[in-house]
Amino acid sequence: MNEIFNFFKRLFHRKKNKSENQLVECDPTVLTEEQVALDAVGVYYNQQENTIVRLVSRKRATKEFRVGGVDDVVAKNNWKAWLYLAPVIILLVIFLIYPLINTIVISFLENYNYATGHSDGFTFKNYGIIFGLTEYNGATEQYFVQYAIPNTFIIVFVTVPIATILALLIAVALNSIRWFQRTLQTIFFLPYVTNTIAVGMVFSVIFADNGIINYIFGSSTVWIYGADRWVAMIPLCIYIIWSALPFKILIFLSGLQGIDKQYYQAAKLDAASSSKTLWKITMPLLGPQIMYILVTSFMGAFKEYSTVVAMFNGPGTLGTAGEPNMETIVYYIYDNLSSQTGWAAAAAVFLFVIILVFTVIEFWVSNRRIYY
């Protein structure tokens, strides 16, 4: 019966001719692949009816597209959107896209002169030199691999997790306090608005040989000037964690205040413990905020520079003298920007790739673990 019905349906196919417009419904088996490919514009396949619909017209539209008698305002005002976006796009091109492309190009230029813009041609030596694979004037550059990369990764993988966990716990505690909540929020946010260099100098005084830390613990440990590299990492990481807490606390507090209280009321009815409530309710619902904090924190930690300058007044525990044993990747870039621009550009491209890889991984994990 279905075959008979389809036969009569194809037999009495409709044709509509109006002026120069033609609407044709026909059996797709009638048309060859070449005919469908040549007439790809205006071809519509109706899967339910098993027909191909082709709109053929040489007449141009003289009126604006309307839906239910209403003008397509979005299409009509499209130029206004581009006009509003033009200042931001211009700024992005000038201060982001062009510097990025220019840095990548410079990283492949040999003996690039920062002042004159002159170079000796294309080369891969800049990457080989900073990674210690290629000699330069009979010597091997070791500071980037020996100090800059390890120091940066230590800062990233020590400060980011600790600061994120502390900020989350402090935010949960502040959110549960009824008295002096605003006052405590202001106190915790103060480090965010203070000058990085000034606070770093205060930390260097606190961890000095005759500073408060040694006085309290009755110790004579050298923390800053002339200290061992691994010992100096302790006050540096403490300073970075302390300065990173305010912004994270603010983001977590805003997320906590947006959580529906009914979830916590249901948890109380089920006699759930505080730790279980935190792990099963608060953490999943704060997933977007945690993801945002992790992405921005990893980016910021990879770009640490001012904290090293503030605490050590140079790339090493001896300041500008001695080896740069506290140097980070960004410090290495600034240190070689004017003298060895190609090396600095290669290090910048390496840092860009590392941050990009970590960001892609974080977003990949968030798409599977975080629900918005």
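The structure displayed is predicted, hence computed values, not measured ones. (Residues numbered from 1 in each chain as written. Predicted model: local features only at pLDDT ≥ 70, side-chain atom pairs only at ≥ 80, totals over all residues. Heavy atoms only, no water.)

(A) Focus on the packing of helix α7 (residues 181-193) against helix α10 (residues 229-257). Interhelical geometry of α7 versus α10 gives an angle of 135° and a closest axis separation of 6 Å. Taken together, the axes of α7 and α10 are oblique relative to one another. α10 is crossed by α7, and the crossing has left-handed handedness. Contact with α7, carried on its side by Gln185, Phe188, Phe189, Pro191 and Tyr192, involves Trp242, Pro246, Phe247, Ile249, Leu250, Leu253 and Gln257 of α10 and no other residues of that element. In terms of residue class, the contact of α7 with α10 is made up of 10 nonpolar, two polar and no charged. (Axes fitted to C-alpha atoms, helices over the stretch in contact; angles between N-to-C directions. Helix = DSSP H or I, 4+ residues; strand = E, 2+ residues; numbered from the N terminus. Parallel < 35°, antiparallel > 145°, perpendicular 65-115°, else oblique. Left-handed = near helix turned anticlockwise from the far one by under 90°. Contact = heavy atoms within 4.5 Å. Nonpolar A, V, L, I, M, F, W, Y, C, P; charged D, E, K, R; others polar.)

(B) Focus on the side chain of lysine 248. Tracing the sequence through the fold places lysine 248 in helix α10. No salt bridge is formed by the buried lysine 248; the nearest opposite charge belongs to glutamate 304, separated by 8.4 Å. Here the side chain of lysine 248 touches serine 297 through a polar contact of 3.0 Å, side chain to side chain. Discounting residues that sit within four places of it in the chain, lysine 248 has contacts with Ala163, Thr164, Ala167, Ile293 and Ser297. (Buried < 20%, exposed > 50% of the residue type's maximum accessible area, 1.4 Å probe, protein only. Lys, Arg positive; Asp, Glu negative; His and termini not counted. Salt bridge = Lys/Arg side-chain N within 4 Å of Asp/Glu carboxyl O. Polar contact = N/O pair within 3.5 Å; in protein donor to acceptor, adjacent residues only side chain to side chain.)

(C) The packing of aromatic side chains, seen in detail. Enumeration according to the criterion identifies 25 aromatic pairs in this entry. Relative to phenylalanine 350, the ring of phenylalanine 144 has its centre 5.8 Å away and its plane inclined at 75°; by these criteria the two rings are edge-to-face. Pair noted here: phenylalanine 144 is in helix α6 (residues 143-176) and phenylalanine 350 is in helix α16 (residues 341-369), with a separation of 206 residues, a long-range link. As far as burial versus exposure is concerned, phenylalanine 144 and phenylalanine 350 are alike and both buried. With a centroid separation of 4.8 Å and 35° between ring planes, the pair formed by tyrosine 305 and tyrosine 334 is classed as tilted. You can see tyrosine 305 sitting in the loop between α13 (287-302) and α14 (306-312) and its partner tyrosine 334 sitting in helix α15 (residues 329-336), a full 29 residues away along the chain. (Phe/Tyr/Trp six-rings, centres within 6.5 Å; stacked < 30°, edge-to-face > 60°.)

(D) A look at the packing of helix α11 (residues 261-269) against helix α12 (residues 274-285). The contact between α11 and α12 brings their axes to 11 Å, and the two run at 165°. As far as their axial angle goes, α12 and α11 are roughly antiparallel. Crossing of α11 over α12 shows right-handed handedness. Across the interface between the two elements, Tyr263, Tyr264 and Ala267 of α11 pack against Thr277, Ile281, Thr282 and Leu285 of α12.

(E) Seen up close, the nonpolar core. Judged by nonpolar contacts, the single largest core of 24 residues is most densely connected at Ile130, Phe144, Phe302, Ile329, Tyr332 and Leu351. Those elements that provide at least two residues to this core are α5 (125-130), α6, α13, α15 and α16. Looking at which element gives the most residues to this core, the answer is α16, with nine residues. Sequence-distant contacts of isoleucine 329, that is, excluding residues within four places in its chain, are made with Phe144, Ala148, Ile149, Thr152, Ala347, Phe350 and Leu351. (Core = buried A, V, L, I, M, F, W, Y, C linked by side-chain atoms within 4.5 Å.)

(F) Seen up close, unusual backbone geometry. One non-glycine residue, asparagine 137, lies in positive phi territory at about 55°. Following the sequence through the fold, asparagine 137 ends up in the loop between β7 (135-136) and β8 (139-140). Using a relative accessible area of 70% as the deciding quantity, one classes asparagine 137 as exposed. Positive phi outside glycine occurs at asparagine 313, with the angle close to 55°. Relative to the elements of secondary structure, asparagine 313 occurs in the loop between α14 and α15.

(G) Representation of the environment of asparagine 111 in the model. Tracing the backbone shows asparagine 111 in the loop between α4 (78-106) and α5. According to the relative accessible area criterion, asparagine 111 is partly exposed, its value standing at 42%. Sequence-distant contacts of asparagine 111, that is, excluding residues within four places in its chain, are made with His118, Ser119 and Asp120. Within polar-contact distance, the side chain of asparagine 111 engages the side chain of aspartate 120 at 2.8 Å.

(H) Local environment of α15. Taking burial as the measure, the eight residues of α15 include six buried ones, the bulk of the element. Three or more residues of α15 are buried, namely Ile329, Val330, Tyr331, Tyr332, Ile333 and Asn336. Its buried side turned inward, α15 meets α5, α6, α13, α14 and α16.

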